[in-house]
Amino acid sequence: MRILAAALLACLPLTSLAADTYGPRLEGFDYPYPVKIFAFESQRQPLEMAYLDVAPRGTPIGTVVLLHGKNFCAATWKDSIAALTAAGYRVIAPDQIGFCKSSKPERYQYSFGQLAANTHALLAHLGLDAATVDLVGHSMGGMLAARYALMYPQKLRHLALVNPIGLEDWKAKGVPWRSVDAWYAGELKTSFDSIKKYQLEVYYNGQWKPAYAQWVSMQSRMYDGPGKQAVAWSQALTSDMVFNQPVVYELPRITVPTTLFIGQTDRTAIGRDLAPPALKATLGDYPALGKAAAAAIPGATLVSFDDLGHSPQVQDPKRFNAALLKALKDAHR
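Just so we're clear, the structure is a prediction, and the values are computed from it rather than from any experiment.

Cut-off values and rules
- Residues numbered from 1 in each chain as written.
- Predicted model: local features only at pLDDT ≥ 70, side-chain atom pairs only at ≥ 80, totals over all residues.
- Heavy atoms only, no water.
- Helix = DSSP H or I, 4+ residues; strand = E, 2+ residues; numbered from the N terminus.
- Expected span 1.5 Å × (residues − 1).
- Buried < 20%, exposed > 50% of the residue type's maximum accessible area, 1.4 Å probe, protein only.
- Arc of directions from axis to C-beta.
- Pairing = 2+ DSSP bridges.
- Axes fitted to C-alpha atoms, helices over the stretch in contact; angles between N-to-C directions.
- Contact = heavy atoms within 4.5 Å.
- Parallel < 35°, antiparallel > 145°, perpendicular 65-115°, else oblique.
- Left-handed = near helix turned anticlockwise from the far one by under 90°.
- Nonpolar A, V, L, I, M, F, W, Y, C, P; charged D, E, K, R; others polar.
- Core = buried A, V, L, I, M, F, W, Y, C linked by side-chain atoms within 4.5 Å.

(A) Highlighting helix 7 (residues 192–203). A rise of 1.5 Å per residue sets the reference length of helix 7, with its 12 residues, at 16 Å; its end C-alpha atoms lie 15 Å apart and thus fit the reference within 8%. Of all the residues in helix 7, the buried ones are Ile 195, Gln 199, Val 202 and Tyr 203. The buried residues of helix 7 occupy an angular sector of 90 degrees when projected down its axis, which confines them to one face. Turned more than 90 degrees off the buried face of helix 7, the exposed positions are Asp 193 and Lys 197. Backbone geometry just downstream of helix 7 places Asn 205 in the positive-phi region, at approximately 55 degrees.

(B) Structural view of the sheet that holds strand 2 (residues 46–54). Reading across from one edge, 1-2-4-3-5-6-7-8 is the order of the eight strands in this open sheet, with mixed pairing throughout. The open sheet is flanked by strand 1 (36–41) and strand 8 (301–305), the only strands paired with a single partner. Mean inter-strand twist for the sheet, computed between neighbouring axes without regard to direction, equals 20 degrees. The pairing of strand 3 (residues 62–67) with strand 5 (residues 133–138) spans four bridges and is parallel. Each bridged residue has a counterpart across the sheet, and for Leu 66 the counterpart in strand 5 is Val 136. Set on the sheet, helix 11 (residues 286–296) makes contact with strand 7 (258–263) and strand 8; between it and strand 7 the angle comes to about 175 degrees.

(C) The packing of helix 7 against helix 8 (residues 213–224), seen in detail. The interhelical angle for the contact between helix 7 and helix 8, taken along N-to-C directions, is 135 degrees, at an axis separation of 9 Å. Relative to helix 8, helix 7 is oriented oblique. The interaxial crossing formed by helix 7 with helix 8 has right-handed handedness. Across the interface between the two elements, Phe 192, Ile 195, Lys 196 and Gln 199 from helix 7 touch Ala 213, Val 216, Ser 217, Gln 219 and Ser 220 from helix 8. Per-class residue counts for the contact of helix 7 with helix 8 are four nonpolar, four polar and one charged.

(D) A look at the nonpolar core. In terms of nonpolar packing, the biggest core is built from 104 residues, with Leu 26, Tyr 31, Leu 66, Trp 170, Val 242, Ile 254 and Phe 261 touching the most fellow members. Once you skip the residues sitting within four places of it in the chain, Tyr 31 turns out to touch Leu 26, Leu 52, Cys 73, Ala 74, Ala 75, Asp 95, Cys 100 and Lys 101.

Here you go:
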């Protein structure tokens with residue numbers, strides 16, 4: 001009943017809450033651009049997808065869609081949005097169902113196919129169904145972007161994958177399976193300190209900057225708020241999706257021109273905490289995973305950041321954005 005009550009709270013329209021905690025739909029955390037809502041029906045229930053739609057400055061040259069990772073939100077793309085709009089791109093950055101400012105339904109069959117279909121419906125709603133766009137996906141958003149490219153290749157001009165997870169099949173490698181209940185129990189223990197510790201070790205190679213704290217607070221204060229159970233339940237369901245729906249085997253079927261941006265110090269691997277020590281040491285080897293993915297995707301280009309980790313767009317926005325804009329320019333020639 002507690003999960004149900006929190007889930008119902010999570011589906012309410014966005015409202016304001018106390019400043020020291022955030023609501024289950026990230027109420028209380030301000031995005032850098034106005035948040036819009038796409039209302040639609042999916043799996044026999046009304047849902048709301050929050051998104052940013054930022055107009056280009058100057059002469060429009062195209063549309064870029066940015067897909068966030070599992071521990072991220074549309075707001076995390078703020079520096080990339082500024083760079084892209086300055087260059088003339090319209091930018092669409094959704095919060096996927098189950099994340100951030102979007103609905104967190106108690107009962108939902110999460111799949112990358114479903115999230116891709118939801119994203120496609122949003123773009124159609126925005127009048128982009130007859131246009132081709134550039135798609136950029138980070139972390140879990142990279143898995144989603146790959147699925148989108150497999151489902152709707154004719155709608156994309158270029159695919160950019162930024163330290164995507166799912167470049168290896170953790171389950172096939174021997175990482176133990178866990179139930180959604182077990183994922184949920186782990187999520188309920190989430191705190192600012194636990195998130196920071198994980199990101200410091202896995203994302204940032206032990207190098208912390210004060211600017212990262214805003215993104216830790218963005219997550220942790222949802223767990224401190226009145227919708228903690230709904231947030232934890234959605235995260236548990238989506239962890240199960242990520243672990244059990246690898247796209248690595250289908251990379252050779254991607255036909256969209258693709259650029260991989262890989263921070264070489266990244267060591268992200270879902271389920272690593274349950275892996276035996278010998279296996280754990282081999283997981284999340286992004287220098288090797290990035291090269292293998294670039295070789296698997298026909299004609300893919302690999303851009304490496306030797307001193308950056310899981311989130312190059314957060315660690316060094318200027319360098320990452322310059323590389324992204326160059327890749328987009330090259331793809332449009």
